[in-house]
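Coordinate analysis (summary)
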Amino acid sequence: MSPVPQTRSTADPTVELPDGFTDGVAGWLERNARAFPEKPAVIHPDGRGSGGYSTLTYGELQDTVEELAHGFRHAGITRGTRTVLMAPPGPELFALCFALFRVGAVPVVVDPGMGVRRMLHCYRAVGAEAFIGPPLAQLVRVLGRRTFAGVRVPVTLGRRRLGRGHTLAALRAIPANAIPASGGPVDTAPPTGGDDLLMIGFTTGSTGPAKGVEYTHRMALSIARRIEAVHGRTRDDVSLVTLPFYGVLDLVYGSTLVLAPLAPARVAQADPALLVDALERFRVTTMFASPALLRNLAGHLTGAARGRHPLPDLRCVVSGGAPVPDAVVAALRSVLDEKARIHVTYGATEVLPITSIEAAEILGDEDVDTAREGAVTATGTAAGAAAGEGTCVGRPVPGTRVAIAPVTDGPLARFDPAAGLPAGRVGEILVQGDSVSRRYHRAPDSDAAHKATEERPDGATPLVWHRTGDLGHLDAEGRLWFCGRAAQRVRTGHRDLYTVRCEGVFNAHPLVRRTALVGIGPAGAQRPVVCVETETGADGAELDEAAWTRLVAELRTMATAQAATTGLKEFLRHPGFPVDIRHNAKIGREELARWAERQQARPASSTGRRAARIVPIAGWAYLVGGSVWAAAGEVPDLPVLRWLWWADAFLSIGVHAAQIPLALPRGREAGHGTASVVRNTMLYGATWWRTL
């Protein structure tokens, strides 16, 4: 008897959706503002560095949205206008979003952390027609004339504009009876909704080229309904927001959102004490956070010196963006109030969410009580992760279908769910449902590579399946196990190794913070190498060489015990993995692979490399010493000394500074931050960064 193909889904929740389910997103904010105008909508840090917060009510937010919408229409930003939106997280960002939604314009959202060059590529691909941003962003627009040739309506945030265009303050002040800038009548197009384009959100490009994902009103509201059904969201919630899109959903629900006191591009470095203060001060009931941020928060809450913070009002913690370590889930479970639920979700920019699982199932029911006592053993799905099954990300959310297709690196034009792989077989994860984006913007090649259609009988419109590019398998209970990215699988001469599946085995070691499997060499003949981030010892110190040697021996023993990791013998210690911009959690395995290849090719002795740094140090000593000597007025007037000093200045400052762009990628691969790379490159030049 042949195995039965596995396709898992959950029917739509038995909740009667309100009238106007396909209405525009802006209409939901307007309804909420009419229903409870005095209710706090956005609570945000006041920006003064004093730890204070300011509050914007629903009524005030809606008034601002209507003012901006009128100004946008007057300026020529109307239905379908593709509008670059670059504003820092805050009440102004949400007002701008909903004002653009209200006039039917299409915000284009790009993560600024991806770098200027990649951002410009995204904007060029989308064909922006309007540009809203601060003066610095407007300067980039002016300098990048070819990229922004189609922009006809620039709007500068604040009261002073850069070049032509408008300021946001001026648009807000336009009288209601003003004639539009075009000289024509005021735009009276009907409100957008349903399958009309809502926004274009670009992927970060952390696991491939950045792509513009089209969100429709129907898709966004479907996402809101899925989250509402799985996590029990209500308008009575107070939500701590770390990603702006979730703040938009809060305003659709009618709940109160609190903007987390953190830098969006550095969530892993957020001060956990400030987060706890916000959680307690505003009696937050639900929060979404990346695994990196939750690890930081869990470490703070479990710290003996800081005491316990049960946070009795916090009933729901949601994480996603990358696999969440079981130890982090256990640590949070041990300190939060017993009624709190910790959900780990799996999703993508193209579909949110796909699956969800709660801590009780991850740790095992008996482990929930054990976790509160500080000793956690893996018996739930965590045990499967330690055995090389991958990371269990739960069951499909209501209204979403998940199937596993055979792995292929080429296009998949048609997909029949009946041909999906059976339980336990690893393949590519495909997803279908109303919360799935049907296409990328102006990118037919990306559509061909990442979308597949399912034909339906009687000529009905084909269903669109999204190819996630992720690998996984379904188990007998319908749960999805994530095994890594298809493009990052290590292809040896005799089998494929799946990153997350292998890493789960080693991550179970108490001295391992996390691991990353990479391949060195061409696909089909790659040599697998496991990069390791270690935890500190009991005394808080880093592991010494003897302890690292013992750890490697133990990891090799663990590898032989599981089928998924048999044959893995090479382990490299790494100070801190490169991670994605948005969540600070997805590991940059391509960068790690380049680093690992250099490490393998490097001679064992580092004495000569370190000795070479004496030369730039001597140069700086001569440069500084010569300056001090000259200031003292006792330097002999010898042309050769002046020539040597200026040559040294050119080499130590100019040449070293010119090497920074070359040093930054290598520094990131080796786990160094930007400031560290700049400092060491200026000090040592190529004698430092070429050894990374």
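The structure we're discussing is the one just above.
Model, not experiment: these values are computed from the prediction. (Residues numbered from 1 in each chain as written. Predicted model: local features only at pLDDT ≥ 70, side-chain atom pairs only at ≥ 80, totals over all residues. Heavy atoms only, no water.)

We now examine the environment of Gly51. One can find Gly51 in the loop between strand E2 (40–45) and strand E3 (53–57). Residues Gly51 and Asp277 lie 226 residues apart in sequence; the distance between their C-alpha atoms is 9.3 Å. (Helix = DSSP H or I, 4+ residues; strand = E, 2+ residues; numbered from the N terminus.)

Let's shift gears to the nonpolar core. Residues Phe72, Leu96, Phe101 and Leu251 are the most contacted members of the largest nonpolar core, which totals 61 residues. In terms of residues, this core owes the most to one element, helix H3 (residues 91–103), which gives ten residues. Those residues in contact with Leu251 that sit more than four places away from it in its chain are Leu29, Asn32, Ala41, Val42, Tyr58, Leu61, Phe94, Phe98 and Leu257. Core analysis: the second largest hydrophobic core is formed by 43 residues, Ala278, Leu279, Val328 and Ala330 among them. (Core = buried A, V, L, I, M, F, W, Y, C linked by side-chain atoms within 4.5 Å. Buried < 20%, exposed > 50% of the residue type's maximum accessible area, 1.4 Å probe, protein only. Contact = heavy atoms within 4.5 Å.)

Going through the model one piece at a time under the given rule, you end up with 37 salt bridges. In this structure, Glu214 and Arg439 form a salt bridge, with 3.5 Å as the shortest nitrogen-oxygen distance. Residue Glu214 is located in strand E10 (residues 212–216), and its partner Arg439 is located in the loop between strand E19 (427–433) and helix H15 (444–450); the two are separated by 225 residues in the primary sequence. Of the residues examined, Glu214 reaches a relative accessible area of 12% and is grouped as buried. Two residues, Asp237 and Arg315, come together in a salt bridge whose shortest N-O distance is 2.8 Å. Of this pair, Asp237 sits in the loop between helix H7 (217–231) and strand E11 (238–241) while Arg315 is found in the loop between helix H10 (291–301) and strand E14 (316–319), placing the two residues 78 residues apart along the sequence. (Salt bridge = Lys/Arg side-chain N within 4 Å of Asp/Glu carboxyl O.)

In this section: H7. Taking 1.5 Å as the rise per residue, H7 with 15 residues should run 21 Å; its terminal C-alpha atoms sit 21 Å apart, in good agreement. The element H7 is extensively covered by neighbouring structure, given that eleven of its 15 residues are classed as buried. Along H7, the residues classified as buried are His217, Met219, Ala220, Leu221, Ser222, Ile223, Ala224, Arg225, Arg226, Ile227 and His231. Positioned one or two residues after H7, Gly232 has a phi angle of 65 degrees, which is positive. (Expected span 1.5 Å × (residues − 1).)

Remark: H3 packs on helix H8 (residues 244–253), axes separated minimally by 11 Å, with the N-to-C direction vectors making an angle of 65 degrees. Relative to H8, the element H3 lies roughly perpendicular. The handedness of the crossing between H3 and H8 is right-handed. Counted together, Leu93, Phe94, Phe98 and Phe101 of H3 and Pro244, Gly247, Val248 and Leu251 of H8 form the full contact between these two elements. (Axes fitted to C-alpha atoms, helices over the stretch in contact; angles between N-to-C directions. Parallel < 35°, antiparallel > 145°, perpendicular 65-115°, else oblique. Left-handed = near helix turned anticlockwise from the far one by under 90°.)

In this structure the tally under the stated criterion is 13 aromatic pairs. An angle of 55 degrees between the planes, with centres 5.7 Å apart, marks the rings of Tyr215 and Phe245 as tilted. Here the residue Tyr215 occupies a position in strand E10, and Phe245 occupies one in helix H8, the gap between them amounting to 30 residues. An identical accessibility class is assigned to Tyr215 and Phe245; each is buried. Each ring, one from Trp645 and one from Trp646, has its centre 4.9 Å from the other, and the planes form 90 degrees; the classification is edge-to-face. The structure contains a cluster of three or more aromatic residues connected by ring pairs, namely Tyr215, Phe245, Tyr246 and Phe288. The aromatic ring of Tyr440 is capped on one face by Lys451, whose charged end is 5.0 Å from the ring centroid. (Phe/Tyr/Trp six-rings, centres within 6.5 Å; stacked < 30°, edge-to-face > 60°. Lys NZ or Arg CZ within 6 Å of the ring centre and 35° of its normal.)

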